[in-house]
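Fold and geometry: a report
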Amino acid sequence: MITRPLFLVLFIALFSVSSPATAQRDHLTPQEVDLVKEAQVLDKRIEIFIKAANRRILVLNGGTAAVANTKQAKKEAELWGELPTGSRAELVSDIAKIFDEAITNIDDVSARDERNPLIAKSLRRLAQAVNTIMEQLKPLQANAKGDAEVASFEQLNEDAQSILEATAKLPPEVEKDKKAKAKDH
């Protein structure tokens, strides 16, 4: 007879072993991870996340062949690595996870220093990118096939919505010209 604690250990061990088919996919390429680690300033790090998401949009929209042989693409590949690969569901899921990681980075900085001016700047820039990316993904979302792809789009929509809601709570952006004029008087 198996005792309850032993049964529980066996049950957890059995279901926690992941097969290659169910292994967790990294949402960033190794080179993108390195770029994120190197970018210690919040706004620079958010730009890395935005670029990483846009690279997946490029793949989803089939633009890889058009840019594959350009000098810019070769230079970019040296820094960013090869374009990511995967199914539509995987690439959309990657974008959702990138948005989620960007949110986490903004939250972390906010928890340490809520008056940091880079928080608002980064959040506004991220929201701008989210709007552009979501607009580009509308045709794909309308034709989502399979549970995995639908779930990826749902997660992406949730992350995009939380970014846009957080941006809406920011105070109005102060124009630099008005600040300069106020100092002159």
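A brief look at the structure comes next. (Residues numbered from 1 in each chain as written. Predicted model: local features only at pLDDT ≥ 70, side-chain atom pairs only at ≥ 80, totals over all residues. Heavy atoms only, no water.)

Overview of the overall build of the protein chain
The cut-off we apply is this: Strands here are runs of E lasting at least two residues and helices are runs of H or I lasting at least four, both read from the DSSP assignment and numbered beginning at the N terminus. Note on classification: 1.4 Å probe, protein chains only; a residue is buried when its accessible area is under 20% of the maximum for its type, exposed when over 50%, partly exposed between these limits. Only heavy atoms enter the contact rule, under which two residues are in contact if any of them lie within 4.5 Å.
Helix and strand content of the protein chain: 9 helices and 0 strands. The burial tally for the protein chain puts 32% of its 185 residues in the buried class. Within the protein chain, contacts between residues separated by at least 24 positions form 78% of all contacts whose residues are at least 6 apart in sequence.

What about the environment of Leu42?
Its place among the elements puts Leu42 in helix α3 (residues 42-60). Here Leu42 falls in the buried class, since its relative accessible area comes to 6%. Expressed as a C-alpha distance, the spacing of Leu42 and Asn105, which sit 63 residues apart in the sequence, is 7.4 Å. If sequence neighbours within four positions are ignored, Leu42 has contacts with Asn105, Ile106, Val109, Leu118, Ile119 and Ser122.

Looking at the packing of helix α6 (residues 88-112) against helix α8 (residues 146-168)
Definition in use: A fitted line through C-alpha atoms serves as each axis, taken over the contacting stretch for helices, and the angle formed by two N-to-C directions is quoted from 0 to 180°. For classification purposes, an angle smaller than 35 degrees is called roughly parallel, one larger than 145 roughly antiparallel, one from 65 to 115 roughly perpendicular, and anything else oblique. Helix crossings get a hand from a simple test, with the near helix turned counterclockwise from the far one by less than a right angle marking a left-handed crossing and a clockwise turn marking a right-handed one.
Taken N-terminus to C-terminus, the directions of α6 and α8 make an angle of 25 degrees; their axes are 8 Å apart at the nearest point. Judged on the interaxial angle alone, α8 and α6 are roughly parallel. Every pair of crossing elements has a handedness; the one defined by α6 and α8 is left-handed. Counting all contacts with α6, which are made through Arg88, Ala89, Val92, Ser93, Ile95, Ala96, Phe99, Asp100 and Ile103, the residues of α8 involved are Ala148, Glu149, Ser152, Phe153, Gln155, Leu156, Asp159, Ala160, Ser162 and Ile163.

So, α3
Counted only if it meets this: What a helix is expected to span follows from its residue count: subtract one and scale by 1.5 Å.
Relative to the 27 Å expected for 19 residues at 1.5 Å per residue, α3 spans 27 Å between its end C-alpha atoms, a close match to the ideal helical length. Judged by how many residues are buried, α3 sits mostly within the fold: 14 of 19 residues are covered. Following α3 by one or two positions, Gly62 has its phi on the positive side, about 75 degrees.

Details of the layout of surface pockets
As a reminder of what qualifies: A cavity here means a set of 1 Å grid points, computed over protein atoms only, where a 1.4 Å probe fits but cannot escape. A pocket is an open set with protein on both sides within 12 Å along at least 5 of 7 lines, and lining residues have an atom within 4 Å of a point. Grid points are joined across faces, edges and corners, and a volume is the space filled by probe spheres set on the points. Under the grouping applied here, Gly and all other residues not named as nonpolar or charged are polar, the nonpolar ones being Ala, Val, Leu, Ile, Met, Phe, Trp, Tyr, Cys and Pro and the charged ones Asp, Glu, Lys and Arg.
Each pocket or cavity is described by its volume, and for the largest pocket that value is around 630 Å³. Forming the walls of the largest pocket are 22 residues, and the residues nearest its centre are Pro117, Ile119, Ala120, Lys121 and Arg124. At the level of elements, α6, α7 (117-142), α8 and α9 (176-184) are the ones that each hand at least two residues to the lining of the largest pocket. At 8 residues, the largest contribution of residues to the lining of the largest pocket is made by α7. Here the residues of the lining of the largest pocket sort into 13 nonpolar, 2 polar and 7 charged.

Examining the packing of aromatic side chains
Applied cut-off: By convention, a stacked pair of Phe, Tyr or Trp rings (six-membered ring in the case of Trp) has centres within 6.5 Å and planes under 30 degrees apart, an edge-to-face pair has planes over 60 apart, and any other such pair is tilted. Put simply, a charge is over a ring when the Lys NZ or the Arg CZ is close to the ring centre, within 6 Å, and near the line of the ring normal, within 35 degrees.
In total, this model carries 0 aromatic pairs according to the counting rule given. One Lys or Arg, Lys51, reaches over the ring of Trp80 and ends 5.9 Å from the middle of that ring.

Here we look at the pattern of salt bridges
Our working rule: Any Lys or Arg side-chain nitrogen located within 4 Å of an Asp or Glu carboxyl oxygen qualifies as a salt bridge.
Counting across every chain of the model gives 11 salt bridges. In this structure, Arg25 engages Asp94 in a salt bridge whose closest nitrogen and oxygen atoms are separated by 2.6 Å. With Arg25 in the loop between α1 (4-16) and α2 (30-38) and Asp94 in helix α6, this pair connects stretches of sequence that are 69 residues apart. A salt bridge links Arg88 to Glu149; the shortest N-O distance between them is 2.5 Å. Residue Arg88 is located in helix α6, and its partner Glu149 is located in helix α8; the two are separated by 61 residues in the primary sequence.

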